[in-house]
Amino acid sequence: MFESARLGGQHQLDEFDCGNEALNSWLREQARRADSSGIAHVYVWTPIREQKVRAYYAICPTEVIRNDAGISGSLAGGYSRMPGYLIARLALDVSFHGHGYGAHLLLDALDKAVRAAEIGGGRLVVVDAIDDAAYEFYKHFDFIPVKNRGGRLVMKMSTAASALRAV
Ligand SMILES: CC(C)(COP(=O)(O)OP(=O)(O)OC[C@H]1O[C@@H](n2cnc3c(N)ncnc32)[C@H](O)[C@@H]1OP(=O)(O)O)[C@@H](O)C(=O)NCCC(=O)NCCS
């Protein structure tokens, strides 16, 4: 039903509404600059042969410092600093909520993180939940809350890779 692609000049952003104005306005006002400057890469979903964006996520490299974040030894694997990928934003238009598309969007984002890590390394996938509902959404998919930073959760890259193989 949707095509997934890197954000381009042809994509229409104005009508996107995920129900969270901060995520809507970031897409409209900051996503193109973030993508072109290399701060994050932004991927969008559009219905087949349409350019209206109905979902997006942004992904960028990150580093997790074990003591700052407050993560377990098994997640850290004995290291004090770990590279990874941050799914900085992820959102779906409200007209498509509740039909399983959010789960597919997350898998699409995890696939990007796993592929990037296959090339350049990366131990953790990191997500920042924008509110309590988003926090519960990520917990539903077995992301693990970090102790010292509210709203942040992590998953081992190897766990994400296994989940993708199982789909
Ligand atoms: C979060 C979001 C992408 C979820 O999309 P969605 O289409 O509503 O979710 P889905 O229908 O794909 O749900 C997939 C699974 O997650 C569960 N789920 C969805 N939202 C949930 C929530 N808030 N808390 C717990 N579980 C949730 C569903 O019950 C479903 O479970 P199942 O696979 O066992 O049936 C969407 O609600 C959204 O864009 N919200 C606004 C932006 C946002 O909060 N982004 C989060 C990152 S900041």
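The residue numbering used here restarts from 1 in each chain and proceeds along that chain's sequence as written. Totals for whole chains, interfaces and linings use all residues, but because this is a predicted model, local features are given only for residues with pLDDT of at least 70 and pairs of side-chain atoms are given and counted only at 80 or more. The side-chain figures draw on all heavy atoms in the structure; neither hydrogens nor water molecules are used.

Caption draft 1: Geometry of the pairing of strand 3 (residues 55-65). Relative to strand 3, strand 2 (residues 41-47) runs antiparallel, the two being bridged by five bridges. Considered in strand 3, the bridge of H41 is made with I59. Between any two strands, pairing holds if DSSP finds at least two bridges. Each helix corresponds to a stretch of at least 4 residues labelled H or I by DSSP, and each strand to a stretch of at least 2 residues labelled E; elements are numbered beginning at the N terminus. Where strand 3 meets strand 4 (residues 81-92), eleven bridges bridge the pair, whose relative direction is antiparallel. Across the sheet, residue T62 finds its bridge partner in strand 4, namely G84.

Caption draft 2: Region of interest: the state of the cysteines. By disulfide we mean two sulfur atoms from cysteines, separated by a distance within 2.5 Å. According to the stated counting rule, one finds zero disulfides in the structure shown. For C18, which is in no disulfide, the shortest distance to another cysteine sulfur is to C60 and amounts to 18 Å.

Caption draft 3: Spotlight on the site of the ligand. For this description, a residue counts as near a given molecule or strand if any of its non-hydrogen atoms is within 4 Å of it. Neighbouring the ligand are 22 residues, the closest being L90, L92, G100, A103 and H140. In the analysis that follows, any N or O atom pair within 3.5 Å is treated as a polar contact, provided that within protein one partner can donate a hydrogen and the other can accept it, and provided that, for residues neighboring in sequence, both atoms belong to side chains. In the model, an oxygen atom of the ligand is placed 2.8 Å from a nitrogen or oxygen of the L92 main chain. Separating an oxygen atom of the ligand from a backbone N or O atom of A103 is a distance of 2.8 Å. Reported accessibility uses the Shrake-Rupley method at a 1.4 Å probe radius. Residues are deemed covered only where the shown protein chains occlude them. Relative to its unbound accessible area of 920 Å², the ligand is 69% covered by the protein chains. When atoms are counted within 2 Å of each cavity's grid points, the one that captures over half of the ligand is the largest pocket. Only strand 4, helix 5 (101-120) and helix 6 (132-140) provide two or more residues apiece to the shell around the ligand. When residues in the shell around the ligand are grouped by element, the largest group, six residues, is from helix 6. As defined here, a cavity is a set of points on a 1 Å grid over the protein atoms alone where a 1.4 Å probe fits but cannot get out. A pocket is an open set with protein on both sides within 12 Å along at least five of seven lines, and residues line them when an atom is within 4 Å of a point. Pocket or cavity membership: a molecule qualifies when more than half of its atoms sit within 2 Å of the grid points of that site.

Caption draft 4: Expanded view of unusual backbone geometry. The backbone of R49 sits at a positive phi, close to 60°, despite the residue not being glycine. Structurally, R49 can be placed in the loop between strand 2 and strand 3. At D142, a position not held by glycine, the phi torsion is positive, near 70°. Here D142 shows up in the loop between helix 6 and strand 6 (144-145).

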